[in-house]
Amino acid sequence: TALIFAIALSVRIMEGIARPLEDLAKTATQIAAGDLGRRAPVEREDEIGLLAGAFNIMTAQLQELIAGLELRVAERTSQLQRAALHLSTSARVSREITSILAIDTLLAKVTELIASAFGYYAVNIYLLAADGQKLVFRASSHPTAPHDLVLDLSSASLNSEAIRTNRQLLAENVAQDPWFLADPNFPQIRSELIIPLRVGKRIIGTLDLLSAEPDAFKP
């Protein structure tokens with residue numbers, strides 16, 4: 001009787017050990033097959049329960065790691081796509097420059113190409129007047145652009161400041177930028193990037209990029 005009881009007890013204990021291990025092995029197989037949402041059942045407080053808990057923690061960390069890698073890959077892919085768009089747009093602008101001789105037609109075409117390629121609210125070009133004291137509005141992708149606009153370099157504006165400092169200026173939120181000069185012709189501006197235009201070391205004007213979204217311009 002004692003021998004039978006001992007054998008039955010041993011079988012029961014082995015089953016109690018074997019079943020959780022078998023469940024853990026099945027879970028590991030499913031995770032290895034790509035199902036990272038699977039978790040091992042933790043039904044015991046002994047070593048097997050601790051093993052299942054540790055396995056679940058490891059799986060969760062692996063899931064977070066893979067999610068982070070996927071996000072980095074997506075961000076890098078987006079950067080590469082934007083870089084490719086930059087190159088493609090530059091090539092198109094270069095082709096237009098070589099085929100168009102009239103300066104006003106050329107500038108208008110350049111603003112249209114940049115605005116359509118990147119989805120900007122508007123793209124404007126200002127050129128320095130002959131006296132070097134004013135910026136004259138010369139071209140825009142926007143249909144209601146103020147073509148008679150003249151900016152005095154002594155006045156406060158992002159374009160004037162870009163000329164005075166010879167560097168690009170970024171207003172991530174124009175409502176908070178002291179140099180922003182509001183224009184009723186562009187009521188939807190939320191962010192603005194000004195890039196000086198140069199011929200050699202001589203500044204000849206500015207390229208004015210306008211977006212209807214705040215923080216639209218990334219590094």
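Before reading further, recall that the structure is shown in the block above.
So, a few notes on the structure that sits alongside this text. Because the structure is a prediction, the values reported are computed rather than measured. (Residues numbered from 1 in each chain as written. Predicted model: local features only at pLDDT ≥ 70, side-chain atom pairs only at ≥ 80, totals over all residues. Heavy atoms only, no water.)

### Some thoughts on the packing of aromatic side chains
This model, assessed by the stated rule, comprises four aromatic pairs. An angle of 85 degrees between the planes, with centres 6.3 Å apart, marks the rings of Tyr121 and Phe186 as edge-to-face. Linking Tyr121 in the loop between helix 3 (103-118) and strand 1 (122-128) with Phe186 in the loop between strand 4 (169-171) and strand 5 (191-199), this pair joins segments that are 65 residues apart in sequence. Comparing Tyr121 with Phe186 shows no difference in burial state: the two are buried. (Phe/Tyr/Trp six-rings, centres within 6.5 Å; stacked < 30°, edge-to-face > 60°. Helix = DSSP H or I, 4+ residues; strand = E, 2+ residues; numbered from the N terminus. Buried < 20%, exposed > 50% of the residue type's maximum accessible area, 1.4 Å probe, protein only.)

### As for the side chain of Asn159
Mapped onto the secondary structure, Asn159 falls in helix 4 (residues 158-165). A relative accessible area of 4% means that Asn159 is categorised as buried. Among the polar contacts listed, one links the side chain of Asn159 to the side chain of Thr206, at a separation of 2.7 Å. Apart from the residues lying within four places of it in its own chain, the contact partners of Asn159 are Tyr126, Leu135, Leu151, Glu192, Ile194, Thr206 and Asp208. (Polar contact = N/O pair within 3.5 Å; in protein donor to acceptor, adjacent residues only side chain to side chain. Contact = heavy atoms within 4.5 Å.)

### Let's talk about the side chain of His142
Along the chain, the position of His142 falls in the loop between strand 2 (134-140) and strand 3 (150-152). Relative accessible area serves as the criterion here: at 15%, His142 is assigned to the buried category. Not counting the four nearest positions on each side in its chain, His142 is found in contact with Tyr121, Ala122, Asn185 and Phe186.

### Considerations on the pattern of salt bridges
Using the criterion set out here, one finds three salt bridges in the structure. For Asp104, the salt bridge goes to Arg138, with nearest N and O atoms at 2.6 Å. With Asp104 in helix 3 and Arg138 in strand 2, the pair connects residues that are 34 residues apart, well separated along the chain. By relative accessible area, which is 29% here, Arg138 ends up partly exposed. A salt bridge links Lys134 to Asp131; its shortest N-O distance comes to 2.6 Å. (Salt bridge = Lys/Arg side-chain N within 4 Å of Asp/Glu carboxyl O.)

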